[in-house]
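What follows is the residue order along each chain.
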Amino acid sequence: MHWLITQGRHLNSVLLAFMAVAFMLGVAGALQAPTLSLFLSKEVGVTSFWVGLFYTVNAVAGIAVSMILAKRSDRKGDRRKLIIFCCLMAVANSLVFAFNRHYLTLITLGVFLAALANTTMPQIFALAREYADNSAREVVMFSSIMRAQLSLAWVIGPPLSFMLALKFGFTTMFLCAAGIFVVGALLVAFFLPSVPRVFGPENQAVAAVSGWKNPNVRRLFIASMLMWTCNTMYIIDMPLWITSVLGLPEALAGALMGTAAGLEIPAMILAGMVVKRMGKRRMMVFAVAAGVVFYGGLLLFPTRNALIVLQLFNAIFIGIVAGIGMLWFQDLMPGKAGSATTLFTNSISTGVILAGVLQGSLAQQFGHESVYWGILVLSILALGLTCRVKDV
């Protein structure tokens, strides 16, 4: 907020609209994601393996669809129209999940609609970047403030999601998400600008390949992939683990996710303030070490109060990795910011795919506790790889 006050001459309805859209669509997504594993397990009635498979198929479809749409959006047309289209697909997806309980339908039609819907947020950030560049806004801070809206949305979304699902049913929860997506589409249509497209000569695919030849980029990609694998395995399994194994209330899962998201905001801000002094490598090593402490703590202290306290380490882990990780990719690939960002995004998507397979298989074969031993091992591997990436 301090940045908004000091940059008063830049404050206008368009900037506020971008933040409102990011926040509202973030809330809609945060209503659906936290309870998805519970929905599939309890409402659809499938085992842990099929829950994990759903996440994997969803991630693969998301990568394919987002690449196709992103390529098209960068070449022609008004980006707003694509965002509105994706919002409408998100509405359709919410309605499918609200009224359907057939696994085959959800993993086909539902996943396809979700893949289209998940393209919304990257396109909003792309439009925001184009608007900032064309209007001489402070790009980095503007982007950071928008990312903070997503974290704020995840403070509100998960507890609200569990409250709606447990008290009023999953149908009500998905209908609420659909309504928010409708409002978001209207905000995009009436308040976000149409920005003239500037086409660069760089071929991002070629640039990404050349960046991959750098051993430091490869190490960071694998480390980042493992980090997001750990995070996604935790998100998928935690609601099932605390209810079926620990015997804790289902609503606690939403409270834990909301607490972590709330703590991520100051973690992001503090990281941005000290990164120049500490350096990106030291910041990332610190963040991944916090992740190791978090995942180890889940195994050692599986009680309600301890789980809440441990969210501080989770917030440090995700808050720093989500922001500084992308910048580190960009620094390792100078002059190739688009390709570096694409590699970072792909490391997240690949981590989600791996997480779905591992979580489902481990939980099915060895029980939920084995999932957290697997996560701990992967987080230690990620820490080792991060330590081997050079500072820049």
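Sequence order as written defines the numbering, with residues in each chain counted from 1. In keeping with the model being predicted, local features are shown solely for residues with a pLDDT of at least 70 and side-chain atom pairs are shown and tallied solely at 80 or more, while totals for entire chains, interfaces and linings include all residues. The side-chain numbers reported here are obtained from all heavy atoms of the structure, hydrogens and water having been left aside.

Per an unreviewed UniProt entry, the protein goes by SET family sugar efflux transporter-like MFS transporter and derives from Mangrovibacter plantisponsor. UniProt positions are given in the numbering used here, feature names are shortened, and annotations may be inferred rather than shown by experiment. What the UniProt record of the protein gives under Sequence similarities (unreviewed entry) is the line "Belongs to the major facilitator superfamily. Set transporter family." Listed in UniProt under the heading Subcellular location (unreviewed entry), the comment for the protein reads: "Cell inner membrane".

Draft legend 1. Quick peek at the overall build of the protein. Within the protein, the secondary structure is distributed over 16 helices and zero strands. In this scheme, a residue with accessible area under 20% of its type's maximum is buried, one over 50% is exposed, and one in between is partly exposed, where area comes from a 1.4 Å probe on protein chains only. With 392 residues in all, the protein has 53% of them scored as buried. Contacts spanning at least 24 positions in sequence make up 83% of the contacts within the protein whose residues lie at least 6 apart. The protein chains shown are the only cover counted for residues, whose accessible areas, like all others here, come from Shrake-Rupley with a 1.4 Å probe. As displayed, the protein offers around 17000 Å² of accessible surface, 69% of which is attributable to carbon and sulfur atoms. In this text, helices come from DSSP runs of H or I with a minimum length of four residues, and strands from runs of E with a minimum of two, each type numbered from the N-terminal end. By the convention used here, residues are in contact when the closest approach between their heavy atoms is within 4.5 Å.

Draft legend 2. Highlighting the confidence of the model for the protein. Residue-level confidence of the predictor, termed pLDDT, takes values from 0 up to 100. In the predicted model, the protein carries a mean pLDDT of 84, and the fraction of residues at 70 or more is 85%. Mean pLDDT across the elements of the protein ranges from a minimum in helix 1 (residues 2-6), with 45, to a maximum in helix 16 (residues 368-387), with 95. In the model, residues 1-11 has pLDDT below 50 throughout and makes 11 contacts with residues more than four positions away in sequence or in other chains. Across residues 200-209 the pLDDT falls below 50, and counting only partners more than four positions away or on other chains, this stretch makes 13 contacts in the model.

Draft legend 3. Summary view of the side chain of Asn314. Considering the arrangement of structural elements, one finds Asn314 in helix 14 (residues 304-332). For Asn314, a relative accessible area of 4% translates into the label buried. Each residue touching Asn314, except ones within four places of it in the same chain, is listed here: Asn231, Tyr234, Ala260 and Phe294.

Draft legend 4. Examining the side chain of Asn58 more closely. Mapped onto the elements of the fold, Asn58 is located in helix 4 (residues 48-75). Here Asn58 falls in the buried class, since its relative accessible area comes to 17%. Look past the residues within four positions of Asn58 in its chain and what remains in contact with it is Val111, Ala114 and Asn118.

Draft legend 5. Highlighting the packing of helix 3 (residues 36-44) against helix 11 (residues 215-244). In contact at an axis separation of 8 Å, helix 3 and helix 11 are set at 50 degrees when each is read in the N-to-C sense. On the basis of the axis angle, helix 3 is oblique to helix 11. Contacts from Ser37, Leu38 and Ser41 in helix 3 reach Ile236, Pro239 and Leu240 in helix 11. Split into classes, the residues belonging to the contact of helix 3 with helix 11 amount to four nonpolar, two polar and no charged. Fitted lines through C-alpha atoms give the axes, limited to the stretch in contact for helices. The angle between two N-to-C directions lies from 0 to 180 degrees. Under this scheme an angle from 65 to 115 degrees is roughly perpendicular, one under 35 degrees roughly parallel, and one over 145 degrees roughly antiparallel; angles in between are oblique. Basically, the charged four are Asp, Glu, Lys and Arg, the nonpolar ten are Ala, Val, Leu, Ile, Met, Phe, Trp, Tyr, Cys and Pro, and anything else, Gly included, counts as polar.

Draft legend 6. Molecular detail of a nonpolar patch on the surface. A residue counts toward a patch only above 30% relative accessible area and without a salt bridge, and it is joined to like-charged neighbours within 9 Å or, for Val, Leu, Ile, Met, Phe, Trp and Tyr, to nonpolar neighbours within 5 Å. Basic side-chain nitrogens of Lys or Arg form a salt bridge, by our definition, when they fall within 4 Å of a carboxyl oxygen of Asp or Glu. Taken together, the side chains of Val182, Leu186, Phe190 and Phe191 present a nonpolar region at the surface, about 420 Å² in accessible area. The exposure class of Leu186 is partly exposed, given its relative accessible area of 47%.

Draft legend 7. Main features of helix 9 (residues 170-191). Here, expected helix span is obtained from the residue count minus one, scaled by 1.5 Å. Helix length check: helix 9 (22 residues) gives 31 Å between terminal C-alpha atoms against 32 Å at 1.5 Å per residue, within 8%. Of all the positions in helix 9, only Phe170, Met173, Phe174, Ala177, Ala178, Ile180, Phe181, Gly184, Ala185, Leu187 and Val188 are classed as buried.

Draft legend 8. Fine view of the packing of helix 11 against helix 14. In contact at an axis separation of 11 Å, helix 11 and helix 14 are set at 150 degrees when each is read in the N-to-C sense. Comparing the axis directions of helix 11 and helix 14 gives the class roughly antiparallel. Both helix 11 and helix 14 take part in a crossing whose hand is left-handed. Each of Asn216, Val217, Leu220, Phe221, Ser224, Met227, Trp228, Asn231, Tyr234, Trp241 and Ile242 in helix 11 lies in contact with helix 14, whose residues at this interface are Leu307, Gln311, Asn314, Phe317, Ile318, Val321, Ala322, Gly325, Trp328, Phe329 and Leu332. Of the residues that constitute the contact of helix 11 with helix 14, the class distribution is 16 nonpolar, six polar and no charged. Rotating anticlockwise by less than a right angle from the far helix to the near helix defines a left-handed crossing, while the corresponding clockwise rotation defines a right-handed one.

Draft legend 9. Structural context of the packing of aromatic side chains. Geometry of aromatic contacts follows a simple scheme: Phe, Tyr and Trp rings, the Trp one being its six-membered ring, pair when their centres are within 6.5 Å, and the pair is stacked under 30 degrees between planes, edge-to-face over 60, tilted otherwise. A full pass over the atoms with the stated rule returns 15 aromatic pairs. Pairing Phe49 with Trp50 gives two aromatic rings, centres 5.2 Å apart and planes at 80 degrees, and the pair type is edge-to-face. Here Phe49 falls in the partly exposed class, since its relative accessible area comes to 35%. Look at Trp50 and you get partly exposed, because its relative accessible area is 39%. With centroids separated by 6.1 Å and ring planes inclined at 85 degrees, the aromatic side chains of Phe54 and Phe97 adopt a geometry described as edge-to-face. Highlighted residues: Phe54 in helix 4 and Phe97 in helix 5 (residues 79-99), separated in sequence by 43 residues.

Draft legend 10. A look at the pattern of salt bridges. Counting across every chain of the model gives two salt bridges. The partner of Lys42 in a salt bridge is Glu250, and the shortest N-O contact between them spans 2.0 Å. Placement of Lys42 in helix 3 and of Glu250 in the loop between helix 11 and helix 12 (251-278) is noted, with a sequence separation of 208 residues between them. Arg101 is the partner of Glu43 in a salt bridge, and the nearest nitrogen-oxygen pair spans 3.0 Å. Taken as a pair, Glu43 in helix 3 and Arg101 in the loop between helix 5 and helix 6 (103-117) lie far apart in primary sequence, 58 residues in all. Under the relative-accessibility criterion, Arg101 is labelled partly exposed at 24%.

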